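Fold and geometry: a report
Here's the letter readout for the chains.
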Amino acid sequence: MKTQKELKVRASGKINLYLNVSKNPRSDGYHEIKSIMQSIGLSDELTFKVSDNENTKDAANPNGIYITSNDINIPLDERNLVHKAAAIILDEFRLRGKYKIEINIKKHIPVCAGLAGGSTNAAAALVALNEIFALNLKYPKLLKLAALVGSDVPFCIKGGTVLAEGRGDKLSQLPDLPFYWVVLATDGRKLHTKDIYEMFDLVGVPVRPRHRELVRDIKEKQYDRFFEKLENDLEKVAAIEDGKVDSLKEKVRDLGADITQMTGSGPTIFAFCSDLTAARKVYNGLIAQSEKAILTHTTPYSLLII
Ligand code: ATP
């Protein structure tokens, strides 16, 4: 008899509250970063269905991984980070070809927007397959496998408020930031992380890292002081590629939000708002000018099995 197991995971995006990038890549091709990352409520929903593959082997798909999505902007083959994560689990535990793994990705997180959409989907795949196959993988091993998929994936396993160093894989959990309303704004343009880092190497100006001061502010709950120091080294170069980065920041300031910055390699900008009324004003103001805006919030969770 065919056995089938099914699991749904809600996978949160992230914003970079602080991102310091060292100029020029390391010998392994990655840039050394210091980043304070924060999970947000905006999330994708992934459904994993695993069944025995006895009579249904597909020579064209030896991994048995089948991905579907509502978003035409993401690849559905081996290039999908979810596929990469699932294949790593199959190889590590010699499960390749034994199961049919159907994964549906219901996307809400904009693609190539600096919100770690692909990375959080990959993190969800690792956690879901760990659960479905009862692999009993603990955090350290999950984080190791996550780093094999991509730099932001370990953070997406952990979630909350985290200091990321190295290439993004050395993580220190910080006390959770309190609940804040966050408005995201983007013109929908896609910026590729690799291109923005390459531009940074060409024209970016390196800045002395201040992550220790920011970590201290969080630990001392000095959030006003913390928000004054937000910084993203990639913002200036991304703004050269996409002029909307600066104009959207100006717009959200006009709408009353002072704390605003680009996330990751952009082009999305975020605005922190003191209460829902202030957040609605920013959100409605952007929508009225036909900008793409999303109203979300900080959250201590990255992945939720639902
Ligand atoms: P980051 O903030 O980690 O730099 P990002 O938010 O800028 O990432 P993603 O949305 O994660 O960018 O997409 C980056 C690339 O990964 C795109 O080229 C996209 O096609 C590819 N990709 C692969 N799998 C996925 C996925 N499941 N969801 C989104 N993008 C994916």
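Calculation rules
- Residues numbered from 1 in each chain as written.
- Predicted model: local features only at pLDDT ≥ 70, side-chain atom pairs only at ≥ 80, totals over all residues.
- Helix = DSSP H or I, 4+ residues; strand = E, 2+ residues; numbered from the N terminus.
- Rg over C-alpha atoms; globule rule 2.2 N^0.38 Å.
- Buried ≥ 20, exposed ≤ 12 C-beta atoms within 10 Å, placed from the backbone.
- Contact = placed C-beta atoms within 7 Å.
- Near = placed C-beta within 6 Å.
- Nonpolar A, V, L, I, M, F, W, Y, C, P; charged D, E, K, R; others polar.
- Domains from an automatic or database assignment.
- Axes fitted to C-alpha atoms, helices over the stretch in contact; angles between N-to-C directions.
- Parallel < 35°, antiparallel > 145°, perpendicular 65-115°, else oblique.
- Left-handed = near helix turned anticlockwise from the far one by under 90°.
- Pairing = 2+ DSSP bridges.

**Brief notes about the overall build of the protein**
Each helix and strand counted, the protein has ten helices and twelve strands in total. What you see for the protein is a C-alpha radius of gyration of 20 Å, in line with the 19 Å of a compact globule of 306 residues. Considering only C-alpha atoms, the protein reaches an extent of 60 × 45 × 35 Å along its principal axes. Counting the 306 residues in the protein, one finds 45% classified as buried. Counted over contacts in the protein with a minimum sequence separation of 6, partners at least 24 positions apart contribute 75%.

**Things to note about the site of the ligand**
Lining the immediate environment of the ligand, one finds 21 residues, of which Gly117, Gly118, Asn121, Asp152 and Gly264 sit closest. Sorting the residues of the shell around the ligand by element identifies helix 1 (81–92) and helix 2 (117–132) as the ones contributing at least two each. Here the residues of the shell around the ligand are counted per class, giving ten nonpolar, nine polar and two charged. Among the domains, domain 1 (4–175) and domain 2 (181–297) are the pair contributing at least three residues each to the shell around the ligand.

**Looking at the packing of helix 2 against helix 3 (residues 139–149)**
Between helix 2 and helix 3, the shortest axis-to-axis distance is 10 Å and the interhelical angle comes to 140°. Here helix 2 is positioned oblique relative to helix 3, judged by the angle of their axes. The hand of the helix 2/helix 3 crossing is right-handed. Residue-level inspection shows Ala122, Ala123, Leu126 and Asn130 of helix 2 in contact with helix 3, the latter providing Leu142, Leu145, Ala146 and Val149. In terms of residue class, the contact of helix 2 with helix 3 is built from seven nonpolar, one polar and no charged.

**Points about the sheet that holds strand 11 (residues 292–297)**
Sheet architecture is open: four strands sit in the order 9-10-7-11, paired in antiparallel fashion. The strands lining the two open edges of the sheet, one partner per strand, are strand 9 (259–262) and strand 11. Taking the axes of each pair of neighbouring strands and ignoring which way they run, one obtains an average angle of 20° across the sheet. Here strand 9 pairs with strand 10 (residues 269–273) via four bridges, running antiparallel. Across the sheet, the residue bridging to Ile259 is Phe272, located in strand 10. On top of the sheet, helix 10 (residues 276–288) reaches strand 7 (181–186), strand 10 and strand 11; it is set at about 10° to strand 7, its chief contact.

Keep in mind these values describe shape, not function.
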